[in-house]
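# Structure at a glance
So the chains spell out like this:
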Amino acid sequence: MGLYPDIEPYDHGMLDVGDGNRVYWEVCGNPHGRPAVVLHGGPGSGCTPFFRRYFDPDAYRIVLLDQRGAGRSTPPASDPATDMGVNTPAHLIADLELLRRHLGIERWLVWGVSFGSVLGLRYAQTHPDRVSELVLTGVATGSRAEVNLLTRGLGRIFPEAWRAFRDHVPEGERDGDLAAAYHRLLESPDAEVRARAARAWTDWETACVPAPPRSVERYEDADFRAGFARTVTHYFAHDHWLGGDEVVLRDAGSLRGIPGVMVQGSLDFGNLLGIVWRLHGAWPDSELVLVDEAGHDAGAGGIARELVRATDGFRGDSLGG
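Report on the accompanying structure. Everything numeric here is computed off the predicted structure, so don't read it as measured data.

Rules used in this analysis
Residues numbered from 1 in each chain as written. Predicted model: local features only at pLDDT ≥ 70, side-chain atom pairs only at ≥ 80, totals over all residues. Heavy atoms only, no water. 1 Å grid on protein atoms, 1.4 Å probe; cavity = no way out; pocket = protein on both sides within 12 Å on 5 of 7 lines; lining within 4 Å. Points joined across faces, edges and corners; volume = space filled by probe spheres on them. Helix = DSSP H or I, 4+ residues; strand = E, 2+ residues; numbered from the N terminus. Nonpolar A, V, L, I, M, F, W, Y, C, P; charged D, E, K, R; others polar. Pairing = 2+ DSSP bridges. Axes fitted to C-alpha atoms, helices over the stretch in contact; angles between N-to-C directions. Contact = heavy atoms within 4.5 Å. Buried < 20%, exposed > 50% of the residue type's maximum accessible area, 1.4 Å probe, protein only. Lys, Arg positive; Asp, Glu negative; His and termini not counted. Salt bridge = Lys/Arg side-chain N within 4 Å of Asp/Glu carboxyl O. Polar contact = N/O pair within 3.5 Å; in protein donor to acceptor, adjacent residues only side chain to side chain. Expected span 1.5 Å × (residues − 1).

Turning our attention to empty space enclosed by the protein. Considering all chains together, one arrives at two cavities of 30 Å³ or more under this definition. Lining the largest cavity, in full, are V23, L39, L65, D66, Q67, R68, L92, D95, L96 and L119. With three residues, the top contributor of residues to the lining of the largest cavity is helix α1 (residues 89-102). In terms of residue class, the lining of the largest cavity is made up of six nonpolar, one polar and three charged.

What follows is the structure, encoded as structure tokens:
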């Protein structure tokens, strides 16, 4: 069971969501099919055409969007004048509801990767009547422990790269909250300070995957680096703006009645915290699928196959609007 062929959108637009923001959206597949919305990761990565291929285009009406500040949405987070104070899960959830109503959809399957799983889970907890199913991969919940693992704990596995990451921040901040320290650098009025911090942040991101540093093509785009690093640290430094720690896990019981599949690579570093098992245990209608020898990459062969299996499994249910 492989990915579906490349397809093109049959509709797209820019939705005015308020606060001076316009969100890019597109729809492809079957205009009368089962609605599904794709939530990208990062936060701040933006959607790519690859995400369309996880769905049967004859069965699904596939909605993709670039979250605030990311991708084709405006204004971009890479612009230091962009107000990040109006970029929080509450704002992104409100954007999803506005887009859902704009497209005339009653309920939709929510597909999320990495930060997209945080957003998808919180959206489902906030609007359970609007979510028919959840399909998640690279599962995260936005907890403090996850941020600490990514910014400090993995230093034990990648010590040389982590020292370079840590030593980029001022000496007096190296034993503190590294995400917050980088956030301050990325909000500096000095463009060179911001550029160096974005480069250091993405170098660390690539050191944590099975590839040489700076090997990820998107990180070679200075504007992408700037917007991505600024958005990630904006969230990481503020408990993902969820109003406290482990909020998604705390409210996992509210997902009762929403069927979901979580596809997780057995080598995803997030597994070191056991959070995906805690979530699975607290969410009675979830299925957890572990893919051997796979990490955090949703495009990896085994993970991609299981994600297609999950969306195929839900396509036969009654249409949702």
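There is more to say, and it comes next.
Hydrogen bonds between backbone atoms are what pair the strands of a sheet, whose relative direction is either parallel or antiparallel. The strand order β1-β2-β4-β3-β5-β6-β7-β8 describes an open sheet built from eight strands, whose pairing is mixed. In the strand order of this sheet, the two ends are held by β1 (11-18) and β8 (286-291), each with one partner. Direction aside, the axes of adjacent strands within the sheet are offset by 20° on average. Helix α9 (residues 275-282) rests against β7 (260-265) and β8 of the sheet, and its axis sits at about 155° to β8.

Attention now moves to the side chain of R225. Mapping R225 onto the fold places it in helix α7 (residues 222-236). Nearest to the buried, unbridged R225 among oppositely charged side chains is E220, at 4.8 Å. Polar side-chain contacts of R225 include one of 2.8 Å to the backbone oxygen of Y219. The residues touching R225, leaving out its near neighbours within four places in the chain, are A198, R199, T202, Y219 and E220.

Turning next to the pairing of strand β3 (residues 34-39). Within β3, six of the six residues are buried, which leaves the element mostly enclosed by the surrounding structure. Looking at chain direction, β3 and strand β4 (residues 60-65) are connected through five bridges and run parallel. Note on β4: the bridge partner recorded for V38 is L64. Taken together, the four bridges between β3 and strand β5 (residues 108-113) define a ladder with parallel strand orientation. Bridged to V37 within β5 is V110.

This part takes up the pattern of salt bridges. What the rule picks out here adds up to 26 salt bridges. Note that E26 is salt-bridged to R52, the shortest N-O span being 2.9 Å. Here R52 lies in the loop between β3 and β4 and E26 lies in strand β2 (residues 21-29), a separation of 26 residues in the sequence. Here the salt bridges share partners, and the residues they tie into one network are E8, E26, R52, D66 and R72.

Before going further, it helps to examine the environment of L273. Positionally, L273 belongs in the loop between β7 and α9. Its relative accessible area of 30% is what places L273 among the partly exposed residues. Spatially, the C-alpha atoms of L273 and D129 are 30 Å apart, while their sequence positions differ by 144 residues. Beyond its immediate sequence surroundings of up to four residues, L273 is in contact with A145, E146 and L149.

Once that is clear, we can look at helix α6 (residues 191-207). Along its 17 residues, α6 runs 24 Å from first to last C-alpha, staying within 8% of the 24 Å computed at 1.5 Å per residue. A large share of α6 lies buried, amounting to twelve of its 17 residues. With a side-chain oxygen positioned 2.9 Å from the backbone nitrogen of E192, the residue opening α6 is D190.

Okay, the environment of S45 next. Mapped onto the elements, S45 comes out in the loop between β3 and β4. Along the primary structure S45 and T231 are separated by 186 residues, whereas in three dimensions their C-alpha atoms are 9.0 Å apart. Those residues in contact with S45 that sit more than four places away from it in its chain are H40, R218, F224 and F228.

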